[in-house]
Each structure stands twice: as structure tokens, then as C-alpha cells.
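# Summary of structural features
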Amino acid sequence: MTGVTGCASGEDCSTIDNNPMDFNGHGTHTAGTMAAITNNARAVAGIAGGFGDGTTASPGNGCKIMCMRIGWSDAAGNGFVRMDFAAQAINYVVGMKQRGVNVAAINCSWGSSNSGGIAAALDAAMNNDILVVHAAGNSNSSLADYMGSRTEILNVAATDEAGLRASFSNYGSWVDIAAPGVSIISTYQVGTDPIPDYVAVLDGTSMAAPHCVGVAGLLESFNPSLTRADKFSLMVNNTCPAGSPNIGGILNAKKALDAIAPPCDVTANFTGAPTSGNVPLTVNFTDASTGPVTSWSWDFGDGGASTAQNPSHVYSAAGTYTVSLTVTTATCNNTLTRTDYITVTDPNAWVTLSSDDFEAGFGSYTDGGADCIRYTGGTHAHQGVAAIDIQDNTASSLFSHTAAYNVTAYNTLEVSFWFKAVSMENGEDFWVQYFNGSTWVTVGDFNAGTDFVNNTFNNRVVTISRSQHNFPTNARIRFRCDAGDNNDDVYIDEVVFRATTATTPSINSAPALASADPVPREYALEQNYPNPFNAGTVIPFTLLEGGDVQLVVYDILGRTVRRLAAGFFPEGSHTVVFDGRDADGQPLASGVYLYRLVASGSVQTRKMVLLK
């Protein structure tokens, strides 16, 4: 790399001007910006300076500077550029290039005129594939000097800290690029003793141009085959937007370097087997990448990862997973992502066949007649404002599935719902009925005074098993009221009809009622069984008297995981089956969980352990 130093007054520096500069200070400042050694505990880090500790043994391995004196000094020590001296310096650099010295660019932080042989010298430099970088000048003018008028030369304007054109910087369509030129700290020396004036802060397009020369050095060190035109276009075409017009874009070293990154010499590839199956699914992954791979990084899509070349991974939850492999060499990396590559199913998972909250109508159901209405008053709806109201024991006081469901592939069906009764006399009831392919059968019978009380929201689940019922291609569900007159109302809301292939006991989202001990001896929340558990566990509890019950599962930090029961329960013994899933139906991780029963003003809590 070559730095040719001088002044950047924007005038013809071949004669004495009004802005003389000291050659030592100006030259060392531009040189430091280009190539001051980095990481040596000194104040300045050059753009292409390399690393070192500043000692003779570790001088750094960055680009080097060839300093050429191109002017003369007066008696007061002020320096002035002469075009004939500048032409001689450039010709000297061209000769060094012809002798095998690698020259990335020439820094011209000085004004120019077409005199002293400068035109021929510049032609020689560019004919020998040397990039010439020129400071646009500091006259706040749109007029270009001689070098500014040459399109093959990279002309550089100065920007301030805000990315705007510096107030002094020249500008115009002839300017190719901008770089920082205000309050630039760099090396600085006047005389022979560097201690008093080791660094200085200077302004000028002279400070902007060496930024581009430093990046040119980086580009060439990264790819020595780049031509001067390549370096010119890489810098000009990979800039940041400037805040002012007529100065081009702002130099961006990273974007310019990224634009010449060579093709990576490795290609990631892999296979997995099997790619689908039931929980838990073990998949054996095989690396099929090409090239000199030195390391592997796997992302299995479920939070799991590996650095092995050919890992095995166990998927413990149902879902569809995207897998990525990144392979790395000493110089680059490459990634292959296979989207939705692994499909894991849970044979015990529930499939929702219909789900209705009746906010937009009857949904999956059809109105059975005059004594069944869609209620929208809000008070008797468990959520929102709507519910379905069934009233008496006429054939019209019902609502049923509009479409039939093919349930031949399932082993267990469930109907979960919320309801609230109003004015139901003790002994009056309503039914959940199931069409088994040939006839309607009652699968749930709920009696006032026994299974519920009026004016209370209740959540119930009805289980339909293959061992007791036919599972046809045209199954349907309906709700029907057996109350005595139109003054009796049952409001049904949030009805979910779902199915599973599981043959294990039903995992309810609400209690399955039992009466093994109709005359309870004490109020108690029992230990769940089995415990620890995997697929499911049973939670028993006993009530001395009927009343509202809340049964909730919490994690060890006290956060609610799932509400298992909420509503009225009669006195006696009851059980709830818990499937180890949260409120969204997602499997829980192994660990300790708490379950708490609140009933009749009493609270009891126990622990249970989920192991997978």
C-alpha cells in the first residue's frame, strides 16, 4: 500500500496557497488512519493495521505504508505540494509495482492541477492496476480540481458524526463516495520527537480519503486477484446511505468485504431415519456433507442440539419438527435446513371433532325446535354472551350435530361442556345422547339436586367407550332436556366433541363422577395413583357435603398449569383423571407438580411426580 502525502486545500497546491500544512503531521495522520497497528495498547487502530503488541518481536501483520514526499517547505516549516514532485512519486510507486511490490492504492490527500506531468503519472498508475484515491477538497464547492474530474480516480468527500456532508467538504456528481472526515483521531508527529504530539484530532477530506485506502488494502489482502476497478466498484456499490446529496454513499468496510467472500468449500447435507413415528421417537441422523468439514452443529427443532457428526435424538413430544445442520471449515460455514422434516405422533392424543361456543350461531349443531333457542343475554353464558337454552321434555327441546362424524378409527369419545340450570326442580334432568349408527342412546344423565344445583356454572365430561358403544361412520351428539315445563332452562356452552385411539382410561379435562363411598367419613384429598406416573394418573377426593369444587394443578413455582375441575359436586367420593398435559393440551415436562382442592371452605394440597 502506498500513501502519498500533502495538503488538501482544494486549490492548486503547486504554488503557495493560504492553507499550508506540515508534511510530517499531515502524512503521519493519514498513514495512521490507513495502517496503524491494532491491539498494541496505543491510541489509534488503523483500518488495515493488523495485530501486534508494538514490540520488535511482534510488529503486526497488517498492510504497510510507503511514504513519498511530494512538496517543499518554506523557512517557517510550512509544506506545499508540487505537481512535478507528485508525478515523480507516483512514477516511483509504479516502478515498485512493476518490480513485484504489491500496491493496493495510492492516497492523494492533496489538491491537483494538470501540470508537472501528473496526468501521465496517473495514467501509468492506473495502467498498472493501481487504485488512485483522491480527497475531494475542503472548499465547500461543487467544482472539481483536475484529479476530481477524472472518472477512473476514486474521489472522496467528508462526512461528520451524523453522516451528513462536512460543512467544508466539496461535493458534486463527480464525487464517488464519502467517508468520515470530522474529528478524526490518528497518529501525528511534528519534528523528530513523537512523545509530545503522538496523536491529534483533525478535520478534512484528507482524513476521509485514507479510510478508503485502508479498505482497499483489506480488500486486496482478502482477495489479491482484485483489480483496481474491482476495488473501486466494491466500495462504491456497498455503502451506507449518506444524509446529504451529491457525495455518494458512506464507505462501509464490512459490506464491501462481504461482497467478495469466496464460495464456501463445504456443503451441508444430512438424512434422518425414521422421519415419522410415535412418541417417544428415536431418530438416527447421518451427516452427508461434502468438503473439509471440521465441526458439526445440529438443531433438532425441539430445543435439542448436538455437535456430533452422526447423532441420535429422541423426540419426546408429538409435533412436526424442522431440523438444521451447520457444517464449518476453517474459513466458512454452510447450513442446510429441512423444514417440517420429523413428524412425531402421540397415539394417545385427542383429536377435536367439533368445538363450539355459539357466539356466531349454532356452529356445528342444528336447532331442534321451538323449545330450543340460542341465548345471547350474557348472564347465563359461561363465556362471551351466547349459549344454547333447552327448556322442557318435548321432542323439540334439543339441539344435535348437523353433520355426521366417522369415528370408526377411535377407541374413546368425549363430550365436554359447561352448563347452568335455572328453575329445575329436584329430580328433573337433561341428557347427553349419542347416535350409534342406528339409534340415539343416552350417555349422560344429569339430575337436579343430585348432580347439580340451579344458578351455578358446572363443567362436565361424558365418556363414550368402544367397549360399551358402537363406533359408526355417522356418529352424532345431541343435548335434550327432560324438565317439566317451559319455565325450566338449561344453558349449554363451550361444547367440545373429541376422540382418541387410546385404550387407556379416559383423560378428562373435568371430573368423572363416582359414588363408591356414598356416606363419606371425612373430607379428604387423596394421593394420586399411580405416582410417579407417565401417561396418566387418577386423583381421588371425598366431600362431606355437596358444593362448589376447584381442583387445579400447579408447577413447583406456583404457576397454574391446568384446571381439572370447577363447579358443583355432590357429597361422596369422586375421581379425576389427569393426562399430564397443560391447558393447551401440550405434554408437560418431567418434574414435581402440585394439585390443590378447594371445597367447602377447606384447602388441601398434595404433590405428584411426572416421569417420562
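Model, not experiment: these values are computed from the prediction.

## Considering the overall build of the protein
When helices and strands are tallied, the protein shows six helices and 37 strands. Each of the 612 residues in the protein was classed as buried or not, and the buried ones make up 49%. For the protein, the accessible surface area stands at approximately 26300 Å², while carbon and sulfur atoms represent 50% of it.

## A look at the sheet that holds strand β31 (residues 524-525)
If you trace the three strands from one edge of the open sheet to the other, you get β31-β32-β35, paired in antiparallel fashion. The strands lining the two open edges of the sheet, one partner per strand, are β31 and β35 (572-578). As paired strands, strand β32 (residues 537-543) and β35 are joined by seven bridges and run antiparallel to one another. Paired with Thr 537 across the two strands is Phe 578, which belongs to β35.

## What about the packing of helix α2 (residues 83-98) against helix α3 (residues 118-127)?
Taken N-terminus to C-terminus, the directions of α2 and α3 make an angle of 20°; their axes are 8 Å apart at the nearest point. As judged from the angle between their axes, α2 and α3 are roughly parallel. Relative to α3, the crossing made by α2 is left-handed. When α2 is examined against α3, the residues Met 83, Ala 86, Ala 87, Ile 90, Asn 91 and Val 94 are found in contact with a partner set consisting of Ile 118, Ala 121, Leu 122, Ala 124 and Ala 125. Classifying every residue of the contact of α2 with α3 gives 10 nonpolar, one polar and no charged.

## Description of the side chain of Arg 150
Residue position: Arg 150 is located in the loop between β6 (131-135) and β7 (154-159). Excluding residues within four positions of it along the chain, Arg 150 makes contact with Ala 119, Leu 122, Asp 123, Met 126 and Asn 155.

## A short note on the confidence of the model for the protein
Of the residues in the protein, 86% reach a pLDDT of 70 or more, and the chain-wide mean stands at 84. Summarising per-element confidence for the protein, the mean pLDDT is lowest in strand β1 (residues 2-4) (42) and highest in β7 (97). Below pLDDT 50 for its whole length, residues 54-60 participates in six contacts with residues either more than four positions away or in separate chains. A low-confidence stretch, residues 504-521 (pLDDT under 50), is modelled with 52 contacts involving residues beyond four sequence positions or located in other chains.

## Description of the packing of helix α4 (residues 205-222) against helix α5 (residues 228-236)
Contact geometry of α4 with α5 gives a least axis separation of 10 Å together with a crossing angle of 115°. Judged by the twist between their axes, the crossing of α4 over α5 is right-handed. Across from Cys 212, Val 215, Ala 216, Leu 219 and Glu 220 in α4, the residues of α5 making contact are Lys 231, Leu 234 and Met 235. Per-class residue counts for the contact of α4 with α5 are six nonpolar, no polar and two charged.

## Regarding unusual backbone geometry
Of all residues except glycine, most have a negative phi; of all peptide bonds, most are trans. A cis amide bond links Val 279 with the next residue in sequence, Pro 280, at an omega value of -10°. Considering the arrangement of structural elements, one finds Pro 280 in the loop between β13 (276-278) and β14 (281-287). With a phi close to 50°, Asn 140 is a non-glycine residue in the positive phi region. Tracing the backbone through its elements, the reader meets Asn 140 in the loop between β6 and β7. Overall, Asn 140 belongs to the partly exposed group, its relative accessible area being 40%. Of note in the backbone geometry, Asn 246 takes a positive phi value of approximately 65° without being a glycine. Summarising the element assignment, Asn 246 is placed in the loop between α5 and β11 (249-250).

What counts, and at which threshold
- Residues numbered from 1 in each chain as written.
- Predicted model: local features only at pLDDT ≥ 70, side-chain atom pairs only at ≥ 80, totals over all residues.
- Heavy atoms only, no water.
- Helix = DSSP H or I, 4+ residues; strand = E, 2+ residues; numbered from the N terminus.
- Buried < 20%, exposed > 50% of the residue type's maximum accessible area, 1.4 Å probe, protein only.
- Areas by Shrake-Rupley, 256 points an atom, 1.4 Å probe, with all protein chains shown as cover.
- Pairing = 2+ DSSP bridges.
- Axes fitted to C-alpha atoms, helices over the stretch in contact; angles between N-to-C directions.
- Parallel < 35°, antiparallel > 145°, perpendicular 65-115°, else oblique.
- Left-handed = near helix turned anticlockwise from the far one by under 90°.
- Contact = heavy atoms within 4.5 Å.
- Nonpolar A, V, L, I, M, F, W, Y, C, P; charged D, E, K, R; others polar.
- pLDDT = per-residue confidence, 0-100.

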